[in-house]
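Given next are the chains, with one letter for each unit.
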Amino acid sequence: MNDKAKPDFQTREIHAGVSPDPVTGAILTPIYQSTTYVQESVGRYMNKGYSYSRSGNPTVVALEDKITSLESGYGSACFATGMAATSATMMALLDQGDHCIVSDVVYGGTHRLSTRVLSRFGIRFSFVDTSDPANVKEALRSDTRLIFTETPANPTLKLTDIAAISEIAGARGIPHVVDNTFLTPYFQRPLELGADISLHSTTKFMEGHNVSVGGSITANSEELLESIKFTRNCLGSNMSPMVAFYTLQGCKTLSTRIRAQSDNAFKVAEFLISHDRVERVCYPGLDSFPQKELADRQASGHGSMLWFEVRGGVKAGKRLMNTLKLWSLAENLGSVESLVTHSVTMTHADMPREERLAAGITDGLVRLSAGLESADDLILDLKQALDRL
Ligand SMILES: *Cc1c(COP(=O)(O)O)cnc(C)c1O
């Protein structure tokens, strides 16, 4: 044996949080499909303090423990969806009258939640280009209570320097939440870089097989974790045991999947650059990526997301998406199936056009999520569609 403080990521993604079922020896944590837990006597629970599955469920807790280990956190809470995780986090940490800084390029649903729902309750939001820490300093106000960043951001892949923004937040004593969905803890661990909360849509890479929608947060302190769990219980947005079970299995192959999918994304990006119908390609693994130094510094891999623009604008882009066969035209990312998305009409349809363009989400942007198929087949499919333009 060695004297390592903890096993490697690839060992923890399989074993952390899970131990053989004490009753049957089953190697997988069972799906504890039960609403309630019988009390031995008034106020005395039979085991571990479970009382009602909205506030806690053993299958969900196994997943929470696994994600805590992978993200190097204090503890985690899982949710019905990624947006449920974002809602509960913002509602737990912001009061009426508070100000929150959000990355100007974020998941469309995060923008919608901020501008269409939480702003109605008197919370104020500034959408800031967080890729430059000076912009964040400038946007800070006396009533700023939270900084929420997403990096790489959906869909432009703009990066935010997690350590620099965490330092700014820390100096003000306010939490920094990072949406870590695009890279997962295998490639990027925000808490190790100073952030307070790492958030996921587990729908994406963590579950990874297009089976279930879910979300998670991992906090670096008991205080933050308990406040978000309290809010989850009030909102009623806990993850279901079935979804936790699927996600527990998905997490076991996380590192293998995301490594192979990143390799595919890189090969696809290189092919696209070489095609004369392609105007522009963006992938953090390319030397041409504008924030390559930061990409290499804060993450150990570049992920499976990339985007490109074809010559001929929106019309050509739409024609291309309609002629792809192996790449499915669908909203989602990170799964084993390769997907293509037109962000402007799909994921970011609710964002006002001027704001979208200012954030670099152009009408012709074609977003790709490279799956786990053969890179050759993925490239052949793109080639036949591009050649027909
Ligand atoms: C999909 C996504 C979300 C929202 O997650 P859901 O599970 O769809 O609710 C949040 N952030 C990012 C970066 C996403 O890609």
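Further up the page is the structure itself.
Bear in mind that the values here come from a model prediction, so they are computed numbers and not experimental data. (Residues numbered from 1 in each chain as written. Predicted model: local features only at pLDDT ≥ 70, side-chain atom pairs only at ≥ 80, totals over all residues. Heavy atoms only, no water.)

Here we take up the nonpolar core. Generally speaking, a soluble globular protein has its nonpolar side chains buried in company with each other. Counting residues in each nonpolar core, the largest one holds 31 residues, and the members touching the most others are L63, C78, L157, M239 and F289. For this core, the secondary-structure elements that each account for two or more residues are α2 (58-71), α7 (184-187), α9 (241-251), α10 (254-274), α11 (292-298) and β11 (305-310). Sorting elements by how many residues they give to this core places α2 first, with 5 residues. Among all residues touching M239, those that are not within four sequence positions of it are V60, L63, C78, F79, A80, T202, G214, G215, A244 and T247. Judged by nonpolar contacts, the second largest core, of 27 residues, contains A265, F271, L306 and L324. (Core = buried A, V, L, I, M, F, W, Y, C linked by side-chain atoms within 4.5 Å. Buried < 20%, exposed > 50% of the residue type's maximum accessible area, 1.4 Å probe, protein only. Helix = DSSP H or I, 4+ residues; strand = E, 2+ residues; numbered from the N terminus. Contact = heavy atoms within 4.5 Å.)

Attention shifts here to the packing of α10 against helix α14 (residues 375-387). Two quantities define a packed helix pair, namely the angle between the helix axes and the distance between the axes. Two elements in contact, α10 and α14, have axes whose closest approach is 10 Å; the angle formed by their N-to-C orientations is 30°. The pairing of α10 with α14 is recorded here as roughly parallel in orientation. Regarding α10 and α14, the two cross each other, and that crossing is right-handed. In this structure, α10 uses N264, K267, V268, F271 and L272 to contact α14, whose residues at the interface are A375, L378, I379, L382, K383 and L386. Of the residues assigned to the contact of α10 with α14, the class counts are 8 nonpolar, 1 polar and 2 charged. (Axes fitted to C-alpha atoms, helices over the stretch in contact; angles between N-to-C directions. Parallel < 35°, antiparallel > 145°, perpendicular 65-115°, else oblique. Left-handed = near helix turned anticlockwise from the far one by under 90°. Nonpolar A, V, L, I, M, F, W, Y, C, P; charged D, E, K, R; others polar.)

Attention shifts here to the sheet that holds strand β3 (residues 75-79). Read across the open sheet, the 7 strands follow the order β3-β9-β8-β7-β6-β4-β5; overall the sheet is mixed. In this open sheet, the two strands that pair with only one neighbour each are β3 and β5 (124-128). Between one strand axis and the next, the sheet turns by 20° as a mean value, whatever way the strands run. Pairing of strand β7 (residues 176-179) with strand β8 (residues 197-201), which is carried by 3 bridges, proceeds in the parallel orientation. Paired with V178 across the two strands is S198, which belongs to β8. (Pairing = 2+ DSSP bridges.)

On to the sheet that holds strand β14 (residues 365-369). The pairing of strands in a sheet comes from backbone hydrogen bonds and takes either a parallel or an antiparallel form. Reading across the sheet, the 5 strands line up as β10-β11-β14-β13-β12 and stay open at both edges, with mixed pairing between neighbours. The two strands at the open ends of the sheet, each matched to only one other strand, are β10 (278-282) and β12 (328-329). In the sheet, β10 pairs with β11 via 4 bridges, with the strands oriented antiparallel. In the sheet register, C282 faces β11, and the bridge partner there is W307.

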